[in-house]
Each structure stands twice: as structure tokens, then as C-alpha cells.
Amino acid sequence: MKILTCSAHLQHLEGILRKSLPIALPVFGAVLNINRGNPGHFEVLVDKWPEFGAVLARPSGEVASGDMEHCRRGVARRPGTCQVCSEQPWWEVLGWDLGVLGSSRELHCWVPWKQGPVGGTGVGLGDAEGTPGVRVGSLSPSHVDLLNETWPYGGNARSRRFLAEILGRFPQVCLQDGSGQPLAWVLTDHFGTGTHSYTLPEHRRHGHMQVALTVAAQRAHARGFPTFG
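Read on for a plain summary of the structure. Fair warning: this is a prediction, and the values are worked out from it, not measured in the lab.

Moving on: the overall build of the protein chain. Helix and strand content of the protein chain: 5 helices and 10 strands. In the protein chain, which comprises 229 residues, the proportion classed as buried is 46%. In the protein chain, 54% of the contacts between residues at least 6 apart in sequence involve partners at least 24 apart. Within the structure as shown, the protein chain displays about 11,500 Å² of accessible surface, and the carbon and sulfur contribution to it stands at 52%.

If you want it as C-alpha cells, here you go:
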């Protein structure tokens, strides 16, 4: 496969994938991150260019293994067309989420999709009822153990390394109390997807997660990332 290194080619690929959402989501977020400074040190491969039939995103310069083997995703064309719309080709979504996130392998139809705007013009912390002093902040490396303890896939050294990596490289949102302690948070990963969203049990039922997700969605939308859910 061919590694795309030309910025013009990568921008062109981003445009093609954007028109092919939501089925392009497995690789689209990785391409967006690459075109915005590449904080995850990723690369994109295609079977050929410019008439590609398969796209793969993976850690740069290596075949995924060890702690990074979950960080490979791709989409590939399959022979035939969609039985529903008849004119659109079938694509196979390949998710190599081994060990940490589980694995997925599904068939979908590559159909153009238009993203709607993020709802509302803003978000107020007044929505987090009953907890005065709550503010939007950020997590720090000192919170990695807390993240590892509360993540459904966490609790081990490998997951801790993964969480430390995405905490240091990718956008995240944290709601904090008056003393700066985290109440709820949303982390994103190499693919621009929400990886670890959590509210501490003693602070639930106050609307914190709704606020955190809205802030995260607005920030992602401002950076050109699609928001959905």
C-alpha cells in the first residue's frame, strides 16, 4: 500500500472522506488529526492513488503491535453494490481494536451524508443544577490513575499507558468543582472519537455529562470534526 505524505493529497483525501460520512468515520478522524498537526503520529495508507479502494490509518512508521495494536482502522471496497440504493458500492469497515477496545468488523454502504450543525449557540454551566462553582477545566497527568480506575477497559498497566498517551495528545473536557477536582470528563483519541466519558458516582444526576459532551462537541465542530450521536 502507498503511504500518503503529500499535504495536498491528505487534504484531498479529507474532502473525499467528509463527503462519504458516516461510513468513513473509522478513518476520517485520524485523517483530520493528521491534517491538524498529527498529534498522534499517525499515517494513512491507500491501495492506490488517486482512485483508491481501501484506506488504512495506523501509527506512523510501524506495524501495529503491543500497546498500539488497537490503533489501526480502515475501510475497504468490496465487489458489488448496496442492495438498498443499488448505485452505491459496498464498503467493508475494518476495526482492529485488539486487546483494549475489543474488535469490530461490519459491512456498510458508502453513502453521502450531510452533517447538521451542533445544536444550540452555547452551553451554560447553570445546566449542571445543584452544584454551584462548577467550571470547565482540563485533566492533568496526575489524573491518569483516576482515569484508569474508572475506564471499563482499564485497571492494568497497558490501559494506563494508553490513557496517559491520549490525555497528553488529544483534546479533552473536564468539569471541576471549586477546588479544581474533576467531577466529569470526556476524552478523545487518535480517531477523534470519544474514548472515556465518565461522571463520578457522587456527582451524577446533575447534568454534568450533558454539559461536558456539549462543550466537547462544540470544540470539535470548531476544529472541523463531525459531531454525531
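That shown, we press on.
So, about the side chain of R58. The topology assignment puts R58 in strand β3 (residues 54-59). Under the relative-accessibility criterion, R58 is labelled buried at 15%.

This part is about the nonpolar core. Formed by 23 residues in total, the largest nonpolar core has its most connected members in L13, L17, V27, F42, V44, V55 and A57. Counting only elements with at least two residues in this core, the list comes to α1 (7-19), α2 (25-34), β2 (42-46) and β3. By residue number, the principal contributor to this core is α2, which donates 7 residues. Those residues within four positions of L13 in sequence are excluded, and the remaining contacts are L4, V31, V44, W49, F52 and V55.

The next subject is helix α4 (residues 157-169). Its 13 residues place the ends of α4 19 Å apart at the C-alpha level, agreeing with the 18 Å of an ideal helix rising 1.5 Å per residue. Taken together, the buried positions of α4 are S159, F162, L163, E165, I166 and L167. Next to the buried residues of α4 lie α3 (144-150), β8 (172-176), β9 (182-188) and β10 (194-199). The opening residue of α4, the one whose side-chain oxygen lies 3.1 Å from the backbone nitrogen of R158, is N156.

Attention shifts here to the pairing of β8. For β8, the tally of buried residues reaches 5 of 5 residues, placing the bulk of the element in the interior. Taking every second residue as pointing to the same face, both faces of β8 are buried, with Q172, C174 and Q176 on one and V173 and L175 on the other. The sheet contact formed by strand β7 (residues 135-137) and β8 spans 3 bridges and is antiparallel. Bridge pairing links V136 to L175 in β8. Relative to β9, β8 runs antiparallel, the two being bridged by 5 bridges. Across the sheet, residue Q172 finds its bridge partner in β9, namely L187. Where β8 folds back onto β9 in an antiparallel hairpin, the turn is made up of 5 residues, including G180, whose phi is positive at roughly 90 degrees.

A few words now on the packing of aromatic side chains. In the structure shown here, the tally under the stated rule is 5 aromatic pairs. Centroid distance W151 to Y153: 5.4 Å. Interplanar angle 70 degrees. Geometry classified as edge-to-face. Since its relative accessible area comes to 44%, Y153 is described here as partly exposed. Measuring from centroid to centroid gives 5.6 Å for W151 and F162, while their planes differ by 20 degrees, and the two rings are stacked.

Reading the values: the criteria
Residues numbered from 1 in each chain as written. Predicted model: local features only at pLDDT ≥ 70, side-chain atom pairs only at ≥ 80, totals over all residues. Heavy atoms only, no water. Helix = DSSP H or I, 4+ residues; strand = E, 2+ residues; numbered from the N terminus. Buried < 20%, exposed > 50% of the residue type's maximum accessible area, 1.4 Å probe, protein only. Contact = heavy atoms within 4.5 Å. Areas by Shrake-Rupley, 256 points an atom, 1.4 Å probe, with all protein chains shown as cover. Core = buried A, V, L, I, M, F, W, Y, C linked by side-chain atoms within 4.5 Å. Expected span 1.5 Å × (residues − 1). Polar contact = N/O pair within 3.5 Å; in protein donor to acceptor, adjacent residues only side chain to side chain. Pairing = 2+ DSSP bridges. Phe/Tyr/Trp six-rings, centres within 6.5 Å; stacked < 30°, edge-to-face > 60°.

Any functional reading would require information beyond the geometric quantities listed.
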